[in-house]
Amino acid sequence: MRVDMTPILSGRSDKISFSFEWEGADELFPALRFTSPVRVCGSVTDRSGYMLLTLSAEAEYTTECARCLEVLHRKLSFGLEKNVVLKSDAEDDDDVVVVDSAILLDEPVGELLFLELPSRDLCREDCRGLCPKCGKNLNAGDCGCSHREIDPRLEVLKKFLDTEE
Ligand SMILES: [Zn+2]
Ligand SMILES: [Zn+2]
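Residues numbered from 1 in each chain as written. Chains lettered and ligands numbered in written order. Predicted model: local features only at pLDDT ≥ 70, side-chain atom pairs only at ≥ 80, totals over all residues.

Colleague: Explain the overall build of the protein to me, please; I cannot follow it from the model alone.
Modeller: Of regular secondary structure, the protein possesses 4 helices and 8 strands. Put simply, the protein runs from its N terminus to its C terminus through helices and strands in the order β-α-β-α-β-β-β-β-β-β-α-α. The buried share among the 165 residues of the protein stands at 13%. Sequence-distant contacts, at least 24 apart, represent 52% of the contacts inside the protein between residues at least 6 apart. (Helix = DSSP H or I, 4+ residues; strand = E, 2+ residues; numbered from the N terminus. Buried ≥ 20, exposed ≤ 12 C-beta atoms within 10 Å, placed from the backbone. Contact = placed C-beta atoms within 7 Å.)

Colleague: Hey, could you run me through the pairing of strand β4 (residues 38-46) in this one?
Modeller: Along any regular strand the residues' side chains alternate between the sheet's two faces. As paired strands, strand β2 (residues 15-22) and β4 are joined by 8 bridges and run antiparallel to one another. Bridge pairing links Lys15 to Thr45 in β4. Sheet analysis places β4 next to strand β5 (residues 51-64), joined by 8 bridges and oriented antiparallel. Bridge pairing links Ser43 to Thr54 in β5. (Pairing = 2+ DSSP bridges.)

Following this line, the structure appears as C-alpha coordinates:
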(Lines give C-alpha, C1' and ligand atoms only; values in the text may rest on other atoms or scores of the structure.)
(Ligands and ions follow the chains in the order given, each with its own letter.)
Protein backbone atom coordinates (compact mmCIF):
# COMPACT_ATOMS: atom_id res chain seq x y z
CA MET A 1 0.00 0.00 0.00
CA ARG A 2 1.82 3.01 -1.33
CA VAL A 3 0.50 6.54 -0.94
CA ASP A 4 2.02 9.06 -3.32
CA MET A 5 2.77 12.18 -1.31
CA THR A 6 3.56 14.43 -4.29
CA PRO A 7 0.32 16.49 -4.09
CA ILE A 8 1.21 17.62 -0.56
CA LEU A 9 4.98 17.82 -1.04
CA SER A 10 4.55 20.05 -4.10
CA GLY A 11 2.03 22.25 -2.29
CA ARG A 12 -0.73 21.46 -4.78
CA SER A 13 -3.02 20.00 -2.15
CA ASP A 14 -3.29 19.77 1.61
CA LYS A 15 -5.10 16.46 1.73
CA ILE A 16 -4.61 13.05 0.11
CA SER A 17 -7.30 10.40 0.56
CA PHE A 18 -6.74 6.72 -0.08
CA SER A 19 -8.39 3.34 0.19
CA PHE A 20 -6.86 -0.09 -0.27
CA GLU A 21 -7.74 -3.73 -0.11
CA TRP A 22 -4.71 -5.21 1.57
CA GLU A 23 -3.81 -8.83 0.87
CA GLY A 24 -0.66 -8.84 3.01
CA ALA A 25 -2.36 -10.03 6.21
CA ASP A 26 -2.43 -13.68 5.11
CA GLU A 27 1.32 -13.77 4.89
CA LEU A 28 1.81 -12.11 8.29
CA PHE A 29 -0.71 -14.25 10.16
CA PRO A 30 -0.69 -17.70 8.58
CA ALA A 31 -2.63 -19.22 11.50
CA LEU A 32 -5.71 -17.15 10.70
CA ARG A 33 -7.89 -17.45 7.64
CA PHE A 34 -8.82 -13.99 6.44
CA THR A 35 -12.13 -14.24 4.65
CA SER A 36 -11.56 -11.03 2.70
CA PRO A 37 -8.70 -8.57 2.12
CA VAL A 38 -8.18 -6.11 4.98
CA ARG A 39 -9.96 -2.90 4.01
CA VAL A 40 -7.87 0.19 4.73
CA CYS A 41 -8.92 3.77 4.12
CA GLY A 42 -7.82 7.15 5.37
CA SER A 43 -5.99 10.31 4.54
CA VAL A 44 -2.85 12.33 4.98
CA THR A 45 -3.40 15.99 5.77
CA ASP A 46 -0.95 18.85 5.72
CA ARG A 47 -1.35 20.78 8.98
CA SER A 48 1.01 23.65 8.19
CA GLY A 49 4.25 22.41 9.65
CA TYR A 50 3.46 18.75 10.03
CA MET A 51 1.63 15.99 8.18
CA LEU A 52 -0.84 13.69 9.83
CA LEU A 53 -1.82 10.20 8.69
CA THR A 54 -5.19 8.89 9.86
CA LEU A 55 -6.58 5.57 8.77
CA SER A 56 -9.12 2.98 9.72
CA ALA A 57 -9.10 -0.66 8.78
CA GLU A 58 -11.39 -3.64 8.95
CA ALA A 59 -10.34 -7.29 8.94
CA GLU A 60 -12.55 -10.39 8.81
CA TYR A 61 -11.21 -13.79 9.68
CA THR A 62 -12.18 -17.30 10.60
CA THR A 63 -10.67 -19.05 13.60
CA GLU A 64 -11.56 -21.59 16.26
CA CYS A 65 -12.65 -21.13 19.85
CA ALA A 66 -9.54 -21.82 21.95
CA ARG A 67 -11.59 -24.01 24.33
CA CYS A 68 -14.32 -25.80 22.38
CA LEU A 69 -12.91 -25.54 18.82
CA GLU A 70 -16.15 -24.15 17.44
CA VAL A 71 -15.53 -22.27 14.18
CA LEU A 72 -15.80 -18.51 14.70
CA HIS A 73 -16.18 -15.66 12.21
CA ARG A 74 -14.68 -12.51 13.58
CA LYS A 75 -14.59 -8.90 12.42
CA LEU A 76 -12.02 -6.49 13.76
CA SER A 77 -12.02 -2.72 13.28
CA PHE A 78 -9.06 -0.60 14.21
CA GLY A 79 -7.47 2.72 13.37
CA LEU A 80 -4.35 4.75 13.77
CA GLU A 81 -3.02 8.27 13.71
CA LYS A 82 0.64 8.94 13.03
CA ASN A 83 2.88 11.80 12.08
CA VAL A 84 4.35 11.67 8.61
CA VAL A 85 7.86 13.09 8.38
CA LEU A 86 10.49 13.64 5.75
CA LYS A 87 13.55 11.50 6.14
CA SER A 88 15.73 14.47 7.07
CA ASP A 89 13.73 15.28 10.20
CA ALA A 90 12.71 11.76 11.19
CA GLU A 91 13.03 11.62 14.95
CA ASP A 92 10.49 9.26 16.42
CA ASP A 93 10.44 5.55 15.61
CA ASP A 94 6.70 5.79 15.58
CA ASP A 95 6.61 8.26 12.69
CA VAL A 96 5.92 7.24 9.12
CA VAL A 97 8.79 8.37 6.91
CA VAL A 98 8.39 9.66 3.35
CA VAL A 99 10.65 7.69 1.00
CA ASP A 100 10.81 8.52 -2.72
CA SER A 101 7.88 10.95 -2.34
CA ALA A 102 5.63 8.23 -0.93
CA ILE A 103 4.71 6.43 2.28
CA LEU A 104 4.17 2.69 2.64
CA LEU A 105 1.36 1.54 4.89
CA ASP A 106 1.96 -2.21 5.02
CA GLU A 107 4.18 -2.08 8.08
CA PRO A 108 2.13 0.29 10.28
CA VAL A 109 -1.09 -1.53 9.40
CA GLY A 110 0.49 -4.95 9.95
CA GLU A 111 1.90 -3.87 13.32
CA LEU A 112 -1.42 -2.51 14.45
CA LEU A 113 -3.29 -5.61 13.32
CA PHE A 114 -0.82 -7.68 15.33
CA LEU A 115 -1.59 -5.62 18.45
CA GLU A 116 -5.34 -5.65 17.89
CA LEU A 117 -5.76 -9.37 17.27
CA PRO A 118 -6.78 -11.16 20.46
CA SER A 119 -4.17 -13.65 21.71
CA ARG A 120 -6.94 -16.22 21.63
CA ASP A 121 -10.55 -16.18 20.54
CA LEU A 122 -13.36 -17.64 22.61
CA CYS A 123 -16.88 -18.29 21.36
CA ARG A 124 -18.00 -16.61 24.58
CA GLU A 125 -16.23 -15.52 27.76
CA ASP A 126 -17.62 -18.41 29.81
CA CYS A 127 -17.13 -21.12 27.20
CA ARG A 128 -17.01 -24.43 29.08
CA GLY A 129 -14.82 -26.11 26.50
CA LEU A 130 -14.59 -29.81 25.78
CA CYS A 131 -14.71 -32.58 28.36
CA PRO A 132 -11.10 -33.76 28.81
CA LYS A 133 -12.36 -37.33 29.20
CA CYS A 134 -14.98 -37.87 26.49
CA GLY A 135 -14.46 -34.80 24.28
CA LYS A 136 -18.08 -33.66 24.40
CA ASN A 137 -18.71 -29.92 23.96
CA LEU A 138 -19.82 -28.95 27.48
CA ASN A 139 -21.64 -25.82 26.22
CA ALA A 140 -24.28 -28.24 24.93
CA GLY A 141 -24.77 -29.74 28.39
CA ASP A 142 -23.04 -32.03 30.84
CA CYS A 143 -21.63 -35.29 29.55
CA GLY A 144 -21.95 -37.34 32.73
CA CYS A 145 -18.22 -37.79 33.32
CA SER A 146 -16.93 -37.04 36.77
CA HIS A 147 -14.99 -33.78 36.68
CA ARG A 148 -13.77 -33.90 40.24
CA GLU A 149 -10.09 -33.20 39.95
CA ILE A 150 -7.69 -33.93 42.75
CA ASP A 151 -5.15 -31.19 43.32
CA PRO A 152 -1.78 -32.79 42.49
CA ARG A 153 -0.25 -31.20 45.59
CA LEU A 154 -2.85 -32.87 47.80
CA GLU A 155 -2.16 -36.13 46.00
CA VAL A 156 1.49 -35.93 47.05
CA LEU A 157 0.52 -35.07 50.60
CA LYS A 158 -1.92 -37.99 50.71
CA LYS A 159 0.81 -40.38 49.58
CA PHE A 160 3.14 -38.94 52.19
CA LEU A 161 0.59 -39.39 54.97
CA ASP A 162 -0.14 -42.94 53.81
CA THR A 163 3.51 -43.98 54.13
CA GLU A 164 3.71 -42.34 57.54
CA GLU A 165 1.30 -44.82 59.01
ZN1 LIG B 1 -16.02 -22.17 22.88
ZN1 LIG C 1 -17.18 -36.31 29.44
